[in-house]
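Chain residues, written in single-letter form:
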Amino acid sequence: RKEVEQDPGPFNVPEGATVAFNCTYSNSASQSFFWYRQDCRKEPKLLMSVYSSGNEDGRFTAQLNRASQYISLLIRDSKLSDSATYLCVVIGYSTLTFGKGTMLLVSP
Amino acid sequence: GAVVSQHPSRVICKSGTSVKIECRSLDFQATTMFWYRQFPKQSLMLMATSNEGSKATYEQGVEKDKFLINHASLTLSTLTVTSAHPEDSSFYICSAPTRTSSYEQYFGPGTRLTVT
């Protein structure tokens with residue numbers, strides 16, 4: 001099993017749709033989790049941290065499920081500007097691992 | 001505004017030459033910076049951790065003699081790709097921990113290296 005796995009997509013959704021991505025990780029000792037957004041040929045930008053209690057920021061909700069070792073990102077009311085690749089990042093004691101990313105395409 | 005800058009943003013060089021990439025934290029000090037590379041359609045891969053005042057820590061499989069890292073000051077880390085080959089062509093990104101959390105990172109805008 002790969003350290004961090006994401007469905008590469010693309011997820012094609014219409015504007016206004018709700019879409020969710022998952023990211024699974026193999027190391028049960030992983031400590032911190034983040035979602036980053038990366039636009040084509042640009043650097044990743046931090047979207048949000050992921051906590052066991054869940055984290056909501058506007059239309060975005062992130063969840064952590066330690067028992068099943070995955071994190072999720074939910075985007076409500078999708079906008080055209082949400083089109084990007086979403087990377088999960090898993091940090092352990094001395095490791096930092098990016099997922100390959102999930103591509104989201106929001107269409108009019 | 002950007003808090004981590006990289007220079008150059010794009011460079012084309014010939015095989016066998018060396019290329020230096022700079023990573024600067026603009027309004028904060030960073031005792032640690034990270035260097036990544038990203039090949040097309042692949043994820044970011046951590047190459048090394050740059051430590052101010054001490055040697056860099058390289059990830060497994062990354063040649064320290066080929067990718068020279070110098071953390072010259074608390075705001076500057078440089079990555080030098082020595083004797084570049086076409087397979088070194090990639091997108092190189094640096095990052096520095098945020099002031100609030102060592103786990104969150106500010107990323108630089110990246111450097112696109114093409115070796116011909």
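Predicted model, so just to flag it, every value in this text is computed and none were measured. (Residues numbered from 1 in each chain as written. Chains lettered and ligands numbered in written order. Predicted model: local features only at pLDDT ≥ 70, side-chain atom pairs only at ≥ 80, totals over all residues. Heavy atoms only, no water.)

> Any details on the overall build of chain A? Residues and values, ideally.
Tallying secondary structure elements over chain A gives zero helices and eleven strands in all. When the helices and strands of chain A are listed from N to C terminus, the series reads β-β-β-β-β-β-β-β-β-β-β. Taking 2.2 N^0.38 as the reference for a compact globule, 108 residues should give roughly 13 Å; the C-alpha atoms of chain A span a radius of gyration of 13 Å, in line with that estimate. In terms of its C-alpha atoms, chain A occupies a principal-axis envelope of roughly 40 × 30 × 20 Å. Once local pairs closer than 6 in sequence are excluded, the contacts in chain A between residues at least 24 apart make up 55%. Roughly 5,400 Å² of accessible area belongs to chain A as shown, and the carbon and sulfur atoms make up 50% of that amount. Side chains of chain A carry 11 positive and 10 negative charges; the gap between the two charge centres is 4 Å. (Helix = DSSP H or I, 4+ residues; strand = E, 2+ residues; numbered from the N terminus. Rg over C-alpha atoms; globule rule 2.2 N^0.38 Å. Contact = heavy atoms within 4.5 Å. Areas by Shrake-Rupley, 256 points an atom, 1.4 Å probe, with all protein chains shown as cover. Lys, Arg positive; Asp, Glu negative; His and termini not counted. Charge placed at Lys NZ, Arg CZ, Asp CG, Glu CD.)

> Please provide a residue-by-residue account of the sheet that holds strand β8 (residues 76-81) of chain B, values included.
All names here are of chain B. Pairing in this open sheet of four strands is antiparallel, and the strands run β1-β3-β8-β7 from one edge to the other. Strands at the two margins of the open sheet, each flanked by one partner only, are β1 (4-7) and β7 (67-73). For this sheet the average axis-to-axis angle between neighbouring strands, irrespective of direction, equals 15°. Inspection of the sheet shows β1 paired to strand β3 (residues 19-25) by four bridges, in the antiparallel sense. Counted as the bridge partner of H7 is E22 from β3. (Pairing = 2+ DSSP bridges. Axes fitted to C-alpha atoms, helices over the stretch in contact; angles between N-to-C directions.)

> I'd like to hear about the nonpolar core, residue by residue, with values.
Among the nonpolar cores identified, the biggest contains 25 residues, and B:V4, B:W35, B:F67, B:L79, B:Y92 and B:L113 are the most heavily contacted of them. Mapped by element, the contributors of at least two residues to this core are β2 (10-13), β3, β4 (32-38), β5 (45-51), β7, β8, β9 (90-97) and β11 (111-115) of chain B. When sequence neighbours within four positions are dropped, the list of residues in contact with B:L79 reads B:V19, B:K20, B:I21, B:W35, B:F67, B:L68, B:I69 and B:Y92. In this structure, A:A17, A:C23, A:M48 and A:I75 belong to the second largest nonpolar core, which totals 23 residues. (Core = buried A, V, L, I, M, F, W, Y, C linked by side-chain atoms within 4.5 Å. Buried < 20%, exposed > 50% of the residue type's maximum accessible area, 1.4 Å probe, protein only.)

> An account of the side chain of B:T82 is needed here, citing residue identities and associated values.
Residues and elements named next belong to chain B. Structurally, the position occupied by T82 is in the loop between β8 and β9. A polar contact of 3.3 Å, which involves the side chain of T82, links it to the backbone oxygen of D65. The residues touching T82, leaving out its near neighbours within four places in the chain, are T17, S18, D65, K66 and L68. (Polar contact = N/O pair within 3.5 Å; in protein donor to acceptor, adjacent residues only side chain to side chain.)

> Kindly report on the packing of aromatic side chains, identifying the contributing residues and their values.
For any pair of aromatic rings, the description consists of the separation of the ring centres together with the inter-plane angle of the planes. Under the criterion given, the structure shown has nine aromatic pairs over all chains. Here A:F98 and B:Y36 contribute two aromatic rings whose centre-to-centre distance is 5.6 Å and whose plane-to-plane angle is 90°, an arrangement assigned as edge-to-face. Residue A:F98 is found in strand β10 (residues 96-98), and its partner B:Y36 is found in strand β4; the two belong to separate chains. Exposure class is identical for A:F98 and B:Y36. Each is buried. For the ring pair A:F98 and B:F107, a centre distance of 6.0 Å and an interplane angle of 70° mean the geometry is edge-to-face. Remark: B:F107 occurs in strand β10 (residues 105-107) and A:F98 occurs in strand β10; the pair is interchain, linking two chains. (Phe/Tyr/Trp six-rings, centres within 6.5 Å; stacked < 30°, edge-to-face > 60°.)

> Before we move on, could you go through the interface of chain A and chain B and cite the residues and values that matter?
With 16 residues of chain A at the contact, the number on the chain B side is 15 residues. Linking chain A with chain B are zero salt bridges. Linking chain A with chain B are one residue pair in polar contact (both at pLDDT 80 or more). Tallying contributions element by element places strand β4 (residues 32-38) of chain A first for the side of chain A that touches chain B, with four residues. (Salt bridge = Lys/Arg side-chain N within 4 Å of Asp/Glu carboxyl O.)

> Explain the sheet that holds strand β1 (residues 4-6) of chain A to me, and be specific about the residues and the numbers.
Residue and element names in this part refer to chain A. Taken in spatial order, the five strands make up an open sheet running β1-β3-β8-β7-β6, and their pairing is antiparallel. Of all strands in the sheet, those bounded by a partner on one side alone are β1 and β6 (55-57). Adjacent strand axes in the sheet meet at a mean angle of 15° when their direction is disregarded. In the sheet, β6 pairs with strand β7 (residues 60-65) via three bridges, with the strands oriented antiparallel. Residue pairing for β7: D57 is matched across the bridge by F60.

Scope: geometric values only; no functional claims are made or implied.
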